[in-house]
Structure formats: structure tokens, C-alpha cells
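Spelled out from the first residue to the last, the chains are:
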Amino acid sequence: MENPDDIWRQIVLSEGKDSQLVDDLRIALVKKSALSKLFVILQYVKQLTKEEKSIRILDYGCGGGQLLTYLRILGYKNVIGIDVGSLEANNKLNTTHRNMGFKSDVFFSYDGTTSLPFNNSSFDIIISQQVLEHVHNVEQYLFECRRVLDDDGKILLDFPHRVVPFDTHTQMWFVHYFPITIRRYFYNKYRNNNAQKYADSLNLRPIWFYKTLLNKMFSSTIDMTCDRICVFAYKDNYEGSIRLRVFFDKLMSVPLVGRYVKKILSIFANATLVVTK
């Protein structure tokens, strides 16, 4: 197994008790990181931190802990992950990390409605990867980002939005473009009566909604989406149509035409933004 993501899945199953898998992951993250679906995010973190491994990083919405684990293995010492997931799930992640040889617990839970359990200016970098589309109170989420971020800090946001034609959560094309009543019909009919589940877990807003809000709350927002979509190394983990993605990948490489294709595609692709406080 050379793909770091495949190795990570095996580590999760073994709860970090297989030391050979942990060693394999360390090697894969150095030699085969381009195969990971997190490759681009890791590259942006590397740029933002300038490879300063003691920099304070918050993974805000850490989910299953994959990104934070990769950062820890790559040598970042001051990383913390927080999520609205259950305390039991985060305890399990901490146990897995202890089994992997890490000494301190870095995964924490909170209810998502109150302030983060951190002091003002506690972090230099905040990473929010595939989180904003699940947040119903976006203003509160971003307010907390601004509060706990150092004055010279930056936020890396990576998320799908409502303009993206394919929703990876429901595995459906264009349905999320429609009003809620129509969406509910399709989700109930074609996704096992899960309309309420998606209503609770998804809050897809147009990209301009997020950019307008960010421009009001922060000093600058740089859109890195066009830059990101030009990197396509993780074909094994791609969640959309691989044929369509390969087609556009070739189209983007066409002289002159490719420049405009990139700009158009960046509007309809998951957003990657770097925000400065």
C-alpha cells in the first residue's frame, strides 16, 4: 500500500496498534503524498507555516482526524482538532494516537453552539477542510475563527458550495440547486427518505455568500481555487466522475483556451480560500 490514505484506513481499523502500518504511513507521507486526497491541503499548510513545525494549528471541524494525523506525523508539534462529534469518537481518536506513539491528546469535542474552549489569539493557522457546508450558523463559526486567530494568523478554508454541480454528500447532480421542497422530494425518492438527514447536515450556500461575509469580517481573502484544480494527482480518491475530471484536466492544458477553462471551472469547483485576519 503506497497511498497514504489507504494506509490510514488500515491504521484506523487497527486503532493504531500496528507499528508497521504507522512506519509505512510516515514513509508514504514523504514519498507518496501526492497520491493522497489531502495532498493539496498539505501543500498549502506547508506554504502558510513556512515549514515552522512549532506553529500553532487548529483543525476546526477535524472529523475523523486524518488531516491532523498527517500533520502530526509530518512533525507539527502544536496541533489541535475540535469537532461537534461525540466525546466517545474523539476519545477513540486520542487512543489511536497514543497507540501510534503520540503522548498528548489533541482531539476535543464541543457542542457547536457555544464559544470554542480556547483563549483569544490562541492559533497561528486555522484549517477548515470540508466543514463550512455543514455549518448552519456560518457567522458564528467565522466569528470564532477570528477570535481565536492570532493577529498575524491565516485561515485555510476548503469546502463545496451550492454552485458546485455535483454534491458528493448526496451523490447527486444539480438537485441542491432547487428550492427545499423539490430537494426534499428527490432525497426522499432517490436517497432512502433521507431529506431530513440532509436538511440537518447540509447548508450549502453560494460561493459569493461566503466571500461577502469573509470580506466583511477579515482584512483579505485570496481565492486559491483555480490554482488548486490544476493539481490532480489523487485519482484513486476522486469522488466525482473520473472521466469528466480527466477530460477537463486535458482541456486546461490547451494553450490559451486552458486559461479561460480554468477560470470558468473555478466558479463551479469546491472553493479553496486563504483568509488573513
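Residues numbered from 1 in each chain as written. Predicted model: local features only at pLDDT ≥ 70, side-chain atom pairs only at ≥ 80, totals over all residues. Heavy atoms only, no water.

Enquirer: Lay out the overall build of the protein with the relevant residues and their values.
Expert: On a plain count of helices and strands, the protein comes out with 12 helices and nine strands. Since a compact globule built from 277 residues should have a radius of gyration of about 19 Å, the 19 Å found for the protein is in line with a globular shape. Its C-alpha atoms give the protein principal-axis dimensions of about 50 × 40 × 40 Å. Every one of the 277 residues in the protein was classed for burial, and the buried ones make up 46%. In the protein, the share of contacts with a sequence separation of at least 24, taken over all contacts with a separation of at least 6, comes to 72%. Just so you have it, the protein exposes about 14,300 Å², and 54% of that area is on carbon and sulfur atoms. The average position of the 36 basic charges and that of the 29 acidic charges among the side chains of the protein differ by 5 Å. (Helix = DSSP H or I, 4+ residues; strand = E, 2+ residues; numbered from the N terminus. Rg over C-alpha atoms; globule rule 2.2 N^0.38 Å. Buried < 20%, exposed > 50% of the residue type's maximum accessible area, 1.4 Å probe, protein only. Contact = heavy atoms within 4.5 Å. Areas by Shrake-Rupley, 256 points an atom, 1.4 Å probe, with all protein chains shown as cover. Lys, Arg positive; Asp, Glu negative; His and termini not counted. Charge placed at Lys NZ, Arg CZ, Asp CG, Glu CD.)

Enquirer: Provide a residue-level description of the packing of aromatic side chains, including the pertinent values.
Expert: Throughout the structure, instances matching the rule amount to 11 aromatic pairs. Ring geometry for tyrosine 60 versus tyrosine 110: centroids 6.3 Å apart, planes at 50°, classification tilted. Of this pair, tyrosine 60 sits in strand β1 (residues 56-60) while tyrosine 110 sits in the loop between β3 (107-109) and β4 (123-129), and the two are 50 residues apart along the sequence. Judged by relative accessible area, which is 14%, tyrosine 110 ranks as buried. By the ring-pair criterion, three or more aromatic residues cluster together here, those being Phe166, Trp173, Phe174 and Tyr177. Positioned above the aromatic ring of tyrosine 76 is the side chain of lysine 53, whose terminal nitrogen or guanidinium carbon lies 5.1 Å from the ring centre. The ring of tyrosine 190 carries the charged tip of lysine 189 above its face, separated from the ring centre by 5.6 Å. (Phe/Tyr/Trp six-rings, centres within 6.5 Å; stacked < 30°, edge-to-face > 60°. Lys NZ or Arg CZ within 6 Å of the ring centre and 35° of its normal.)

Enquirer: So what about the sheet that holds strand β9 (residues 271-276)? Which residues, and what values?
Expert: Judged by pairing direction, the sheet is mixed, and its seven strands sit side by side in the order β3-β2-β1-β4-β5-β9-β8 without closing on themselves. The sheet is open, and its two borders are formed by β3 and β8 (220-223), each paired with just one other strand. On average, each strand axis in the sheet is tilted by 20° relative to the strand beside it, whichever way the strands run. In terms of strand pairing, β1 meets strand β2 (residues 78-83) through five bridges, oriented parallel. Bridge pairing links leucine 58 to isoleucine 80 in β2. (Pairing = 2+ DSSP bridges. Axes fitted to C-alpha atoms, helices over the stretch in contact; angles between N-to-C directions.)

Enquirer: Now, about the nonpolar core: what can you tell me, with residues and values included?
Expert: Counting residues in hydrophobic clusters, the biggest one holds 36 residues, and the most contacted among them are Ile11, Leu25, Val45, Ile57 and Leu71. Of all the elements in the fold, those that place two or more residues in this core are α1 (4-14), α2 (19-31), α3 (39-49), α4 (66-73) and β4. Looking at which element gives the most residues to this core, the answer is α3, with seven residues. If sequence neighbours within four positions are ignored, leucine 25 has contacts with Pro4, Ile7, Trp8, Ile11, Tyr70 and Ile73. (Core = buried A, V, L, I, M, F, W, Y, C linked by side-chain atoms within 4.5 Å.)

In short, geometric facts, not functional conclusions.
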